[in-house]
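The primary structure of each chain is shown beneath.
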Amino acid sequence: MQEQIAKIKENALEEIKNVQDAKSLNEVRVKYLGKKGELTQVLRGMGTLAPEERPIIGSKVNEVRELLENAIKEKEEKFAQEALQRKLESETIDITLPGTKIKRGSKHPVNRVIEEIEDLFVSMGYDVVSGPELETDEFCFERLNLPKGHPARDMQDSFYITNEYLLRTQTSAVQARTMLANTEKTPIRMICAGKTYRREDDATHSHQFGQVEGLVIDKKERNVSLADLKGTLEVFVKKLIGKNCELRFRPSYFPFTEPSYEVDVSCFKCGGKGCNICKQTGWIEILGSGIVHPNVLKMNGYDPEEYGGFAFGTGLERLAMFKYGIPDMRYLYANDIRFLSQFDRKDEEI
Amino acid sequence: MKLSTNFLKDYVDLDANIDVKQLAEDMTRVGNEYDSAGKLINATNLVIGEIVECKDHPDSDHLHVCKVNIGKEILNIVCGAPNARKGIKVIVALDGAVLPEKTIKRGVIRGQESNGMMCSMEELGLEHKFLKPEDREGIAELGEDAVVGEDPIKYLQMDDEVIDFDLTANRGDLLSILGMAYEVGAIYDKPVKEVDLSHKEQGEDINKKFTAEVKTENCNLLLVKKVENVEIKESPVFIKNRLIASGIRPINNVVDISNYVMLELGQPLHFYDADRLGNKLVVRMAKEGEKLTTLDGNERTLSQEDIVIADSTHGVGLAGVMGGLETEVENDTKNIIIEAAIFDSVKIRKTSNKILRSEASNRFEKGLDPNRTYMAAERACTLLEKYANGKVVTGTVVYDKTDKTDKEIDIAFQNVNDVLGTIIPNEEILNVFRKLGFTYKVNGQKATVKVPTRRMDISIKEDLIEEVSRIYGVDNIQGKLPVVPMRQGSYDKTLREIRNKMIALGLNETLSYILINDKEVHQYTLDEFEKLKLLDPITEDRNTLRYSMIPSLFKIFEYNEAREQKDISIFEIGKGFYKKGEVYGEDTKLCALMTGKYSLGLNNTKNVDFYTVKGVAEEILEYLGYANRYSFIKGEFPKEMHPGQSAYISVNGANVGMIGKLHPNVTKENVYVLEINLDQLFQKKVGKMKYKEISKFPTVKKDVAFIVDKKAISKDIEKTIKNAGGSLLTDIEVFDVYTGTNIEEGKKSIAYSLTFSDNKKTLTDEEINNLMNKIIDTVCKKMNAELRK
């Protein structure tokens, strides 16, 4: 009988091994382990054995049964895995087809530059302020030391709406507003970006353009010297244009500052050797700046004997053009969707 | 201002190693920018030649074949100029010569060898307006005294270098060679030479016969001198060339001298033909409508704002702008009246803006130094005596209300260093003043600086500090960062958040012009306001400030549509302007325009419709914290909007914006717009964002659909459901709207998904069923609806 059991085990294992699918496996199970299965038959036939042999044969049968059950289970799992594998394979898709398009918007390059400048100056403790674009002559000119008839008003031919109201020609108008609004006459550190308007329209001038303006007012003996202005603008320009650029301060004239300086940056294209972008000079004019004129302080409620300040301003379009390599200012205002949608990602970190 | 360096060298010596570029750069560093710097005649490889043989070209009806002696050799040159002939001295550009417009190369012209080019003055870069009639005909003909083989530019005395400065408005003093000499002298620490004013005066004093009368406060200084028996002829070469280098066309010696003195000293002069003027000069304001014929032959109609120079009866010149035709110096003029005056700069500016901007008016506008006026009157006499053989009449007629004393300004050395952030020693500061030609008295830690009247731009100590920074050198001042008490910078990021939200919703941000055509200003709005029109627009298409931003965005749509761009979703945050009553104002607005496909890709394509733009509006309002406070309401819409597919946005009862489809009369495309007045919106304050407890008990969702009249409005049904559902009904969402099969004509089905929950317990089926029954009953009754089964 033991031989019979051994034979069954051998045969069954061989059959399990050779089975090719779940259905045949089940047939093998029935054949050996079913109610009428071969192994079950052995148990049934145990009645013919001597009593002392029965437990030996019984345990042997159970041992083989367990062995076969495990083998079948193992095989079943294998089949299940294979079946799953086949199913997954059948589900394979063309991963090169396009993903569902989520429409992506874009931020205008000029506003990108504004945000970058605002973030920089806020990190240095400046307040971001704003002012009206429809300004009065008083704030746009008179309170900035530009009385009526002043020749410097020629530099900025203006869009007047009435004798009193005009579209602001410069964000400097916000300087006067900020100083007047600060009734406590405490120190000021402000930055203001916005639209400005002048009566000119050609390839390099747009009648509407963006400016950013900074103003610092503090006790005269501290923090508001030309050296402080230079240091501040070095940080600003290097952040906006690049670490390697050089700055050149050139004395100039603005009615609201004295002394006044224009700031040139070494040409980002040729590095200062001279090219058509810098008109062969190696320098590109980028900022106007200076020490706040005592008349401006006085007219806006600060005592020039006690307080001093510096101010600076720059055009935003040019910064955007430098930053993104935009060759023509008019692209910024044409709003061609193919242009706009290029500015649809995060700026690189500098 | 074009600076001739030859002219400059009359008054200041320049070191030999300083070339024109270096000078221009050094001037730039002290604040005087330039547009260009280079040779007056920018040509290389030129030599004086003599045509020794000139034959007609065998294969041409106009070319000549010339043999030209250039000293070392005789060249064969083909030339097309009609005046080419044997015996004349010419300018030869040799092989390899670079001229302003071309490079010369040896070559063969119709079979004849040509080893260079004979040049006209124009080919050498001389502007057309400076060409004499004979120069326009052909190649330049040099005088007999020209030496073959030598440099023709030297021979012509045109070996000059010119810097074209772009000066700042405050430096009127630099509109003169003398002023430039002081500036250059300060840079290189060189003394400025004296101006030669020497001349003889003779005869009876001018004051005996001639009178001047100033009847307006707009003239502070008037000097009149007389020079008799002038000989009108061509100017000496150096005068002509310096005028040309400075951009002024030579006329004759007398007219040229008035311009020469203006260039030299910065004081515009006017010369009258004394015999036509008579013995009186009056300065007065013009009468309204007064007529005057100016030098250019144009009759001008004047206003009370113009200053006029008159004789005893009528106007003879427009002060500071242009002389009159009647008293002009002409070829037969014998005697000259010199007028040197200072007129009000603002008045001159206004008049010249109206009539003509000239070298003279530019100088009057910037302001003049009265001491220089005296100098200029004398200098003109000196030159007229020397170059026109004039006899200067004794004396000067003087009307003078000016202050000619030097300004004294006190300045503390510490103050200089405080403003500049430097530690410049006192001596170094004083050295700057010395270089500038300012005198000073030191008084302990202070100095009193005497500023010559020529520096009209300097009046306060800050101006002196600027001079120190200029001449000491801004480059020598080290930048530092301010050391300040730490404080937090602040900004209102709301607009930026809105921008980022719109971008996240897939819209492209634009930057549009605020100026539009006045015909468009009242479009897309029914608001009442006065339009704001520019007094002096550049074009009619941009003559008015926009109120709504939609016209701006619509233009962008049209621009892109014309370029075959069909899918446009754009937005912008900007200003709209108005006058309401007496108030001028501006509001910040958010505007969007959407058309074409919005979502794209496989199985995901969706064209923009009303609900897309409404969704964008809702997103923005919810994002800004206005959830449950807004509604979209019907009303009367501007004629540019589709009357059935537009809605006003109402937040707590206030109208803050509009969405909708553009009317087919505006565009055939399906274009949707959104505009929200952000300033009005922000008047509705938003509460703090606060945590709400999440129910620990399960929520239950139930769907229900009603069949209602096609015109029924979902918002009303929602309200009814909400009222019936009470506090346990926590959310209502429309998930389907259906018309068609199984739905009766004139009806529609709207399906809602309702969410129920209770913070305190799990809701039982019975409770839910009761609530649902109540909702269904109420809606069916109140909304005349029928439950869809």
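Remember, it's a predicted structure, so these values are computed and weren't measured experimentally.

Conventions we followed
- Residues numbered from 1 in each chain as written.
- Chains lettered and ligands numbered in written order.
- Predicted model: local features only at pLDDT ≥ 70, side-chain atom pairs only at ≥ 80, totals over all residues.
- Heavy atoms only, no water.
- Contact = heavy atoms within 4.5 Å.
- Buried area = accessible area lost by both parts, 1.4 Å probe.
- Salt bridge = Lys/Arg side-chain N within 4 Å of Asp/Glu carboxyl O.
- Polar contact = N/O pair within 3.5 Å; in protein donor to acceptor, adjacent residues only side chain to side chain.
- Helix = DSSP H or I, 4+ residues; strand = E, 2+ residues; numbered from the N terminus.
- Nonpolar A, V, L, I, M, F, W, Y, C, P; charged D, E, K, R; others polar.
- pLDDT = per-residue confidence, 0-100.
- Buried < 20%, exposed > 50% of the residue type's maximum accessible area, 1.4 Å probe, protein only.
- Pairing = 2+ DSSP bridges.
- Axes fitted to C-alpha atoms, helices over the stretch in contact; angles between N-to-C directions.

Draft legend 1. How the structure looks around the interface of chain A and chain B. If you look at the interface, chain A gives 85 residues, while chain B gives 91 residues. Carbon and sulfur atoms supply 55% of the area buried between chain A and chain B, which totals about 7600 Å² over both sides. Considering only the side of chain A, the residues that lose the most area to chain B are Lys103, Pro251 and Ile337 of chain A, jointly responsible for 9% of the buried surface there. The shortest N-O distance in the salt bridge between arginine 499 of chain B and glutamate 115 of chain A comes to 2.6 Å. The interface formed by chain A and chain B holds 38 residue pairs in polar contact (both at pLDDT 80 or more) in total. Considering each element in turn, the side of chain A that touches chain B owes the most residues, eight residues, to helix α8 (residues 226-241) of chain A. In terms of residue class, the side of chain A that touches chain B is built from 34 nonpolar, 23 polar and 28 charged.

Draft legend 2. Structural view of the confidence of the model for chain A. Averaged over all residues, the pLDDT of chain A is 89; the fraction at 70 or higher stands at 98%. No element of chain A has a lower mean pLDDT than helix α3 (residues 38-44) of chain A, which averages 81, and none a higher one than helix α12 (residues 337-340) of chain A, which averages 96.

Draft legend 3. The pattern of salt bridges, seen in detail. Under the defined criterion, the tally for this structure stands at 78 salt bridges over all chains. Across the salt bridge formed by lysine 461 of chain B and glutamate 305 of chain A, the nearest N and O atoms sit 3.7 Å from each other. With one member in each of two chains, lysine 461 of chain B in helix α15 (residues 461-472) and glutamate 305 of chain A in the loop between α9 (294-299) and β9 (307-315) form a pair that bridges those chains. Taking relative accessible area as the criterion, glutamate 305 of chain A reaches 57% and is therefore assigned exposed. Between arginine 171 of chain B and aspartate 457 of chain B there is a salt bridge, with its nearest N and O atoms 3.8 Å apart. Taken as a pair, arginine 171 of chain B in the loop between β10 (161-166) and α5 (177-188) and aspartate 457 of chain B in the loop between β26 (446-451) and α15 lie far apart in primary sequence, 286 residues in all. Assessed through its relative accessible area of 5%, arginine 171 of chain B is described here as buried. Taking the relative accessible area as the measure of exposure, aspartate 457 of chain B reaches 15% and is therefore buried.

Draft legend 4. Looking closely at the pairing of strand β8 (residues 283-292) of chain A. All names here are of chain A. With nine of its ten residues buried, β8 lies for the most part within the structure. In terms of strand pairing, strand β7 (residues 257-266) meets β8 through eight bridges, oriented antiparallel. Within β8, the position partnered with serine 260 by the bridge is glycine 290. By the bridge criterion, five bridges tie β8 to β9 in an arrangement that is antiparallel. In the sheet register, glycine 288 faces β9, and the bridge partner there is glycine 313.

Draft legend 5. Quick peek at the sheet that holds strand β25 (residues 439-443) of chain B. Residues and elements named next belong to chain B. With antiparallel pairing, the three strands of this open sheet are ordered in space as β24-β26-β25. Of all strands in the sheet, those with a lone pairing partner are β24 (407-412) and β25, marking the two edges. Across this sheet, the average inter-strand angle for adjacent strands is 20 degrees, counted without regard to direction. Pairing between β25 and β26: five bridges, direction antiparallel. Bridged to lysine 441 within β26 is threonine 448. Here α15 sits on the sheet in contact with β24 and β26, set at roughly 75 degrees to β24.

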